[in-house]
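# Observations on the three-dimensional arrangement
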Amino acid sequence: MIRVGLMGAGVVASYGHIPAIQRTPGLVLKSIFEPDSGRMMATKADFKVDQGFTDSDLFFRSGLDAVVVTSPAPVHVANVELAARYGKPVLCEKPLAMTEAEAEHMIGVMRGAKLPLYVGFTYRFSPSAMEIKRLVRERAIGEVRDLRLIYNWDCHGRCDRDQGMHVFNTRRQGRMDEGGPMVDCGVHQIDLARWWLGSEIVRATGVGAWVDAEHTAPDHMYLHLDHAGGQHTMVEISYAYGHTIKEPRSQFLYELIGTDGIIRYDRNAGVFEVLTPAGARRLDYHEEKNFDGMYRAFEQALRTGEHGDLPTAEDGMVVTRIARSATDQAIASRPRLGSNA
Ligand SMILES: NC(=O)c1ccc[n+]([C@@H]2O[C@H](COP(=O)([O-])OP(=O)(O)OC[C@H]3O[C@@H](n4cnc5c(N)ncnc54)[C@H](O)[C@@H]3O)[C@@H](O)[C@H]2O)c1
């Protein structure tokens, strides 16, 4: 059994990582580290975890073979540095880092310690995303030339709906301060585009809209990517799609447009289909995230040293660079509100 320790027992750890680790053959969740003692105790009890710590030193000395970092993005770097010091391989949540330089530093530290560093792009492991990879490889729609990847949502709303519409949602604000929707969420779509096409991104152009004027980062963003193979990807991503409305709405779509057809994954309609000259073919629809699949890949990578489809730190660094620089580009060309000239 590979003994895993988890750093940061927040939202994604509770609904995604911890249950998936506990379901994965060959892995055991040995310890959690969480600086908030109340949350640490509650998570330890809820998931019947062997050991819980608010002290990182004791956590790293609790008999671990590998570590999962599910802390907020600004502290990924500090936790990866600790893991390197204690000699533990890491699976780190996305975005790997806040900047390309920080990602480079993390890669250097782990490489120096001769340890693997992987990034938790869970969307890759959806059976539907894996099927798209296979369809592209087998040229099911001919040459893929254009991707439209859309995720418009509200990041849980401007105000906390559970506590009434007057309680400000600090969680959404935090994500906006960390870089906004492209840096926080669009990294999944950028990763999918590179992975599906197997073609590096050679040019990225970011354009922003500010539904809430007070943020530095745009809360609705468009990204155009040119790939080395001549393909194009458009990512549209929003944290301001109905962020003030009572009943949340979202749009989640993948469309791959090829010389001989279209692949469509439409979460709103629950439809996954291939449209070709032979007609429309419905495929099994699966939700867009798959933590179990990611942990099966992590277990295999730790056991064999082969990363397979598990995203590497280099993938994380490239995607961080693109998301961050496109956001910075959008900020630099922000139009002035109310200007008609
Ligand atoms: N893959 C996905 O689908 C997905 C979904 C949501 C969030 N995420 C990512 O997961 C990470 C965590 O997001 P979240 O929504 O669970 O956040 P969260 O704020 O709910 O949880 C983070 C937890 O980390 C703890 N923490 C704070 N400082 C820490 C430190 N130095 N070391 C360890 N833990 C620390 C916090 O107390 C909190 O309990 C972020 O990087 C986020 O982008 C990924």
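Refer to the structure above for everything that follows.
All figures in this text were calculated on a predicted structure; none of them were measured in a lab.

Here we take up the side chain of Ser-128. Mapped onto the elements of the fold, Ser-128 is located in helix 6 (residues 127–137). With sequence-adjacent residues up to four places away left out, Ser-128 is seen in contact with Tyr-265, Phe-272, Asp-284, Tyr-285 and His-286.

On to the state of the cysteines, then. Overall, the coordinates contain 0 disulfides when judged by the stated rule. Counting only cysteine sulfurs, Cys-155 is the nearest neighbor of Cys-159, a cysteine outside any disulfide, at a range of 13 Å. Not engaged in a disulfide, the cysteine Cys-185 finds its nearest cysteine sulfur in Cys-155; these two sulfurs lie 7.5 Å apart. Classification of Cys-185 by relative accessible area gives buried; the value is 7%.

To locate leftover empty space, one rolls a probe as large as a water molecule over the atoms. Empty space within the largest pocket amounts to approximately 990 Å³. Looking at the largest pocket, it is lined by 44 residues, and the ones nearest its centre are Val-11, Val-12, Lys-94, Arg-171 and Arg-175. Counting only elements with at least two residues in the lining of the largest pocket, the list comes to helix 1 (11–23), helix 4 (76–86), helix 7 (170–177) and helix 8 (181–197). When residues of the lining of the largest pocket are assigned to their parent elements, the largest contribution, 4 residues, is made by helix 7.

This part covers the pairing of strand 5 (residues 90–93). What you see with strand 5 is no split at all: Val-90 and Cys-92 on one side and Leu-91 and Glu-93 on the other are buried throughout. One crossover worth recording links strand 4 (residues 66–69) to the parallel strand 5 by way of helix 4, and it is right-handed. Note on the crossover from strand 5 through helix 5 (residues 100–112) to strand 6 (residues 117–120): the handedness is right-handed.

With that settled, consider unusual backbone geometry. Residue Pro-95 is reached from Lys-94 by a cis peptide bond, and omega for that bond is -15 degrees. With respect to the helices and strands, the residue Pro-95 is situated in the loop between strand 5 and helix 5. Backbone geometry places Lys-48, a non-glycine residue, at a positive phi of 50 degrees. You can see Lys-48 is positioned in the loop between helix 2 (37–46) and strand 3 (51–53).

Reading guide: rules and limits
- All residue numbers here refer to positions counted from 1 along the written sequence of the relevant chain.
- Per-residue local features are limited, in this predicted model, to residues with pLDDT of at least 70; the limit for side-chain atom pairs, both in listing and counting, is 80 or more; totals at the level of whole chains, interfaces and linings are taken over all residues.
- Excluded from the side-chain calculations are hydrogens and water; all other atoms, namely the structure's heavy atoms, are used.
- Secondary structure follows DSSP: runs of H or I at least 4 residues long count as helices, runs of E at least 2 residues long count as strands, and numbering of each begins at the N terminus.
- When checking whether two residues touch, look at their non-hydrogen atoms; a contact exists if any pair is within 4.5 Å.
- Cysteine sulfur atoms are paired as a disulfide whenever they fall within 2.5 Å.
- Throughout, exposure labels follow a simple rule: accessible area from a 1.4 Å probe, protein chains only, divided by the maximum for the residue type, with under 20% read as buried, over 50% as exposed, and the rest as partly exposed.
- Buriedness of a pocket was judged along seven lines, with at least five required to meet protein on both sides within 12 Å; pockets are open sets of points on a 1 Å grid over the protein atoms alone, cavities are sets where a 1.4 Å probe fits but cannot get out, and lining residues have an atom within 4 Å of a point.
- Grid points are joined across faces, edges and corners, and a volume is the space filled by probe spheres set on the points.
- Seen with its strands pointing away from the viewer, a crossover is right-handed if its path from the first strand over the helix to the second goes clockwise.

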